[in-house]
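Here is what each chain is made of, one letter per residue.
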Amino acid sequence: MILFKRFPLVYWVIIMLGFISFHSSAQNLIPLQWTVKFEKNAISKDVSLLRSWERQGVGYINCKGAISTSFKIPPAHQDSSYTLEVSLRMDIENILINGNKIGGDIVNHFQWSKKPKYPINTFSISAEQLNVDQVNTITIQFSSLSYTGGFSHNQVSLFPQNGKKTSELQLSLNKEDHCYSRGEEVILQVNSNIAERGNAIIKVRNDFSELLLTKEVALNKEGSNTFCLTDFLSLPGFYEISVTCNNNGYTGGVKWLTIAPTEVEDIDVAPVGFNAYWSQALDELAQIEPNFSVTRVDSLCSDEKNGYVVEMQSLQDKKIKGYFFTPKQAGVYPAILHLPGYGYGFNNIKGFKNNSDNVIELALCVRGHGISKNAFPFDNSPGFFGHEICNVDELAYRSIYMDCIRAVDFLYSQKMVDTTRIGVFGGSQGGGLAIATAGLAHDRVNACAYFDPFPCDLNNHIKTRTIVADEIKGFLDFYNNSCSYEQSIQNLSFIDTKFFSQAITCPVYYTTGLFDDDCPSRLGFSAYNKMSAEKKYTIFPNDSHIGESGYYEESMSFLKKELHF
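Residues numbered from 1 in each chain as written. Predicted model: local features only at pLDDT ≥ 70, side-chain atom pairs only at ≥ 80, totals over all residues. Heavy atoms only, no water.

Caption draft 1: Structural context of the overall build of the chain. Within the chain, the regular secondary structure consists of 10 helices and 27 strands. With 565 residues in all, the chain has 57% of them scored as buried. For the chain, contacts bridging at least 24 residues in sequence account for 75% of all contacts bridging at least 6. Just so you have it, the chain exposes about 23,300 Å², and 46% of that area is on carbon and sulfur atoms. (Helix = DSSP H or I, 4+ residues; strand = E, 2+ residues; numbered from the N terminus. Buried < 20%, exposed > 50% of the residue type's maximum accessible area, 1.4 Å probe, protein only. Contact = heavy atoms within 4.5 Å. Areas by Shrake-Rupley, 256 points an atom, 1.4 Å probe, with all protein chains shown as cover.)

Caption draft 2: Seen up close, the packing of aromatic side chains. On inspection of all chains with the given rule, the structure shows 39 aromatic pairs. Geometrically, the ring pair formed by Phe 324 and Phe 410 is edge-to-face, given 5.0 Å between the ring centres and 80° between the ring planes. On the criterion of sequence distance, the pair formed by Phe 324 in strand β21 (residues 319-327) and Phe 410 in helix α4 (residues 396-413) is long-range, its members being 86 residues apart. Judged by its relative accessible area of 0%, Phe 410 falls in the buried class. Each ring, one from Tyr 397 and one from Phe 454, has its centre 6.3 Å from the other, and the planes form 80°; the classification is edge-to-face. Taken together, the positions of Tyr 397 in helix α4 and Phe 454 in the loop between β25 (447-453) and α6 (458-464) put the pair 57 residues apart, joining distant regions of the chain. There is no split in this pair, since Tyr 397 and Phe 454 are both buried. If you follow Lys 536 out to its NZ or CZ, it ends over the ring of Tyr 509, 5.3 Å from the centre. (Phe/Tyr/Trp six-rings, centres within 6.5 Å; stacked < 30°, edge-to-face > 60°. Lys NZ or Arg CZ within 6 Å of the ring centre and 35° of its normal.)

Caption draft 3: How the structure looks around the sheet that holds strand β8 (residues 121-125). Strand order in the open sheet formed by three strands is β8-β5-β10, with antiparallel pairing between adjacent strands. At either end of the open sheet lies a strand with only one pairing partner, and these are β8 and β10 (155-160). Neighbour-to-neighbour, the strand axes of the sheet open up by a mean angle of 15°, direction not taken into account. In terms of strand pairing, strand β5 (residues 82-87) meets β8 through five bridges, oriented antiparallel. Of the residues in β8, the one forming a bridge with Thr 83 is Ser 124. (Pairing = 2+ DSSP bridges. Axes fitted to C-alpha atoms, helices over the stretch in contact; angles between N-to-C directions.)

Caption draft 4: Summary view of the packing of helix α7 (residues 467-478) against helix α8 (residues 485-492). Close contact between α7 and α8 brings their axes to 10 Å; oriented N to C, the two are set at 105°. One way to sum up the angle between α7 and α8 is to call them roughly perpendicular. Along the contact surface, α7 presents Ala 469, Ile 472, Lys 473 and Leu 476, while α8 presents Tyr 485, Ser 488, Ile 489 and Leu 492. Grouping the amino acids of the contact of α7 with α8 by side-chain chemistry returns six nonpolar, one polar and one charged. (Parallel < 35°, antiparallel > 145°, perpendicular 65-115°, else oblique. Nonpolar A, V, L, I, M, F, W, Y, C, P; charged D, E, K, R; others polar.)

Caption draft 5: View of unusual backbone geometry. The omega torsion across Phe 454 and Pro 455 is -10°, close enough to zero to call that bond cis. Positive phi values are uncommon outside glycine, yet Asn 291 reaches one of about 45°. Counting through the fold element by element, Asn 291 comes out in the loop between α2 (274-286) and β19 (293-296). Among the residues examined, Asn 291 registers a relative accessible area of 52% and is labelled exposed. Of note in this structure, Gln 316 is not a glycine but carries a positive phi near 65°. For Gln 316, the location among the structural elements is in the loop between β20 (305-313) and β21. Look at Gln 316 and you get partly exposed, because its relative accessible area is 45%.

Caption draft 6: Here's a closer look at the nonpolar core. Leu 84, Ile 140 and Tyr 401 are the most contacted members of the largest nonpolar core, which totals 120 residues. Broken down by element, the residue count for this core peaks at 11 residues, all from α4. Sequence-distant contacts of Ile 140, defined by excluding residues within four places in its chain, comprise Trp 34, Gly 65, Ala 66, Ile 67, Val 86, Leu 88, Met 90, Ile 92, Asn 94, Ile 95 and Val 156. Grouped together as the second largest cluster of nonpolar side chains are 14 residues, Ile 336, Ala 449, Phe 540 and Phe 558 included. (Core = buried A, V, L, I, M, F, W, Y, C linked by side-chain atoms within 4.5 Å.)

Caption draft 7: Highlighting the packing of α4 against helix α5 (residues 429-440). Orientation of α4 relative to α5, taken along the N-to-C sense of each, is 65°, at an axis distance of 10 Å. The two elements α4 and α5 cross, and the hand of that crossing is right-handed. Contacts between α4 and α5 pair Tyr 397, Ile 400, Tyr 401, Met 402, Cys 404, Ile 405 and Val 408 from the former with Gln 429, Leu 433, Ala 436, Thr 437 and Leu 440 from the latter. Looking at the contact of α4 with α5 residue by residue, the class counts come to 10 nonpolar, two polar and no charged. (Left-handed = near helix turned anticlockwise from the far one by under 90°.)

Caption draft 8: Inspection of the environment of Val 359 at higher detail. Counting through the fold element by element, Val 359 comes out in the loop between α3 (350-353) and β23 (360-365). Judged by its relative accessible area of 0%, Val 359 falls in the buried class. Placed 204 residues apart in sequence, Val 359 and Leu 563 show a C-alpha to C-alpha distance of 9.1 Å. Apart from residues lying up to four places away in sequence, Val 359 is in contact with Lys 305, Phe 325, Pro 327, Tyr 333, Pro 334, Ala 335, Ile 336 and Phe 565.

Caption draft 9: Summary view of the pairing of β25. Burial runs high along β25: seven of the seven residues are buried. With six bridges joining them, strand β24 (residues 417-428) and β25 adopt parallel strand pairing. If you follow Gly 427 over to β25, its bridge partner there is Phe 451. Crossover connection from β24 via α5 to parallel β25: handedness right-handed. Here β25 runs beside strand β26 (residues 508-513); their pairing, made up of four bridges, is parallel. Bridge pairing links Ala 449 to Tyr 509 in β26. (Right-handed = clockwise from strand over helix to strand, strands pointing away.)

Structure (structure tokens):
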């Protein structure tokens, strides 16, 4: 961490300004820094509206509470009426200014969308409701915080109704993915157009949310400059840069970057008995008759594909189902096994049934997902991740990974499938399942594509997404703390998909979004860096866990090339 302390301030100004790009109100009088306090445990902490909740160690698990901050009204606007704009990823109960209710009862509806359009709630604030040139307080009480996937999507602004100006910084980098190797030239051009000269607070954090730098610097009103940053960004890792500016109003921005991600160290090793554990699971699966069945379903068919529902028996003799699509014309084709995200059941199958490519696709609903929902005991479980957390032989993912292997068995049983061209693909949980499948069935899987995987690199997941630790403690509570926290972590290490990476022999393609706070980039690279197979990756610097830039299309292009269709 010494790196961040031994350079002149001017260089840090150069670095940080390069990572800002925003349009915001120069007359916004509400700071970006707030304090959040939760009713459940009376814990309070500082949070920024620039950053996602989960990056700051808070989220849905914390439940009811309030955020608050203070602001001043300049004397020049003492007779003005104001407009308050509020758009927050939370369920709002009340909005209070100086103890007076302004509004409330605003329900947040999270949008799993590449371009979400969240409503802005507007309130008119009279001059009588505010204290001129004195401290004013705004408090927003909420019943729950929302998942975001990585982007904040939070805004609270207050500005005079008679005018609203904007500030702007535009930047360009010589590498669009914000990913650099050690010593590689990093060139940044910053164009600024700010309402007036002001100060900025610059903060640098790593992906463990460790604050490495806080500096107050002056910003010029206008300017266009080119900077070489090579000497100042050299340590392998993942970094968040946030800037808040108060030039007669608050504004700010956040960006992520990575230096040499394939050189980030990971000293974890697989738990003792890992290989034997999974050999036993495979042996148990082999003892179960698969009883494959294939039923044609007219609503799944199109001019391009025949559509079926397939069924198969998996571990614990559970019936697992999936959607199976084959080209209309008889022949032998490559196949892709699509694996689901957490709780996702492939509700939208249009892409499969209308795919004109000469490829077979199996969208597998592992137990508890989609049309296999009944194969998981939801009434007696805290969920897939925490299921039987104190019994390593009953962990849900032990069976779920076997569901994926049974699906490979199914593909091998189909005469239309070219068994030398089978690929696996998934994102989030599906990404973890893809890694596990490619490792456990390394002699039968010929290509693997994954996006920010789960469960993967558990030890670092707890550090980068700290509410994971709270989730695990909740699982233990569900089972009356029948084992220790440390024992639960040891048990979960047996389902950590990064430990399957070394067994993979097929070509691999990894895609990641640097803003992802659900399954941060470090996790996927922990798996990637252990692979000795042919591999490549793509970084989307402005993507969250939602995958705004289209990792699906990129991954399918990779599979198309590797499987030759």
